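# Fold and contact review
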Amino acid sequence: LKLLRETQKQSRDYGLKFKDKFLDDKSIQKSQQALDAASSVKSLLETKNPISDQAMKIQFPRLLGEVGNLTAQEQNMFGGSKAVLDKTKQAFKRWAQGKLTDDNREFLRELVGTLEISAARNYDKRANDLIESEVAAGQGYIDKDYLNSIVDPLKKTTNLSFSSENIAEMSTEELKEMLGL
């Protein structure tokens, strides 16, 4: 019984150390910062006032951190990289003028949603990489399921809250139509 308790304590201590190591990882922190910024920008977009529009200027750079580069598939969802750039430039120009339209807000909302998905995928990929690395380093003594049980509640793609129109499920044509491209 004493040996069992000691083994359980060691396992619990190891799990806590792994969780701390996971949360201290720079890639995890950057992705989390982008996810936090996405949440803030989405909230600020909903308020539809000039003060909130100015406050977004603080959050948007955080959102664009390492997840600012959309994949080719994500660019195609918005009509291709040139269309994304043109639409983004137009929205940012109106934003700088303090004259965001409802269409600009909707475009930014969908862009933020896509960036949020990208950040969540980066977060989860890094989480899986850290688990695989830890299991490999443990030479068969580390239980992958145990590490997953620690990290799974922290993963992001299963915890994202999307608007009623989930852009991940929309066709390219639906997105183009919605964004006026």
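Up top is the structure.
Residues numbered from 1 in each chain as written. Predicted model: local features only at pLDDT ≥ 70, side-chain atom pairs only at ≥ 80, totals over all residues. Heavy atoms only, no water.

### Considerations on helix α2 (residues 26-47)
- Counted at 1.5 Å a residue, the expected span for α2 with its 22 residues is 32 Å, and the 32 Å between its end C-alpha atoms agrees.
- Of all the residues in α2, the buried ones are I28, S31, A34, L35, A37, A38, V41, L44 and L45.
- As for α2, its buried residues are in contact with α1 (2-24), α3 (50-63) and α6 (102-137).
- Its side-chain oxygen placed 3.1 Å from the backbone nitrogen of S27, D25 serves as the N-cap of α2.
- Downstream of α2 by one or two residues, K48 has phi in the positive range, about 55 degrees. (Helix = DSSP H or I, 4+ residues; strand = E, 2+ residues; numbered from the N terminus. Expected span 1.5 Å × (residues − 1). Buried < 20%, exposed > 50% of the residue type's maximum accessible area, 1.4 Å probe, protein only. Contact = heavy atoms within 4.5 Å. Polar contact = N/O pair within 3.5 Å; in protein donor to acceptor, adjacent residues only side chain to side chain.)

### Topic: the pattern of salt bridges
- Applying the stated criterion across every chain, the model contains 10 salt bridges.
- As a salt-bridge pair, D13 and K9 come within 2.8 Å of each other at their nearest N and O atoms. Within this pair, D13 and its partner K9 are both found in helix α1, separated by four residues, close to a single helical turn.
- One salt bridge connects E134 with K21, and the closest N-O pair in it is separated by 2.8 Å. Here E134 is found in helix α6, whereas its partner K21 is found in helix α1, with 113 residues between them in sequence.
- Given the relative accessible area of 14%, E134 is considered buried.
- Through salt bridges with shared partners, one network takes in E46, E106 and R109. (Salt bridge = Lys/Arg side-chain N within 4 Å of Asp/Glu carboxyl O.)

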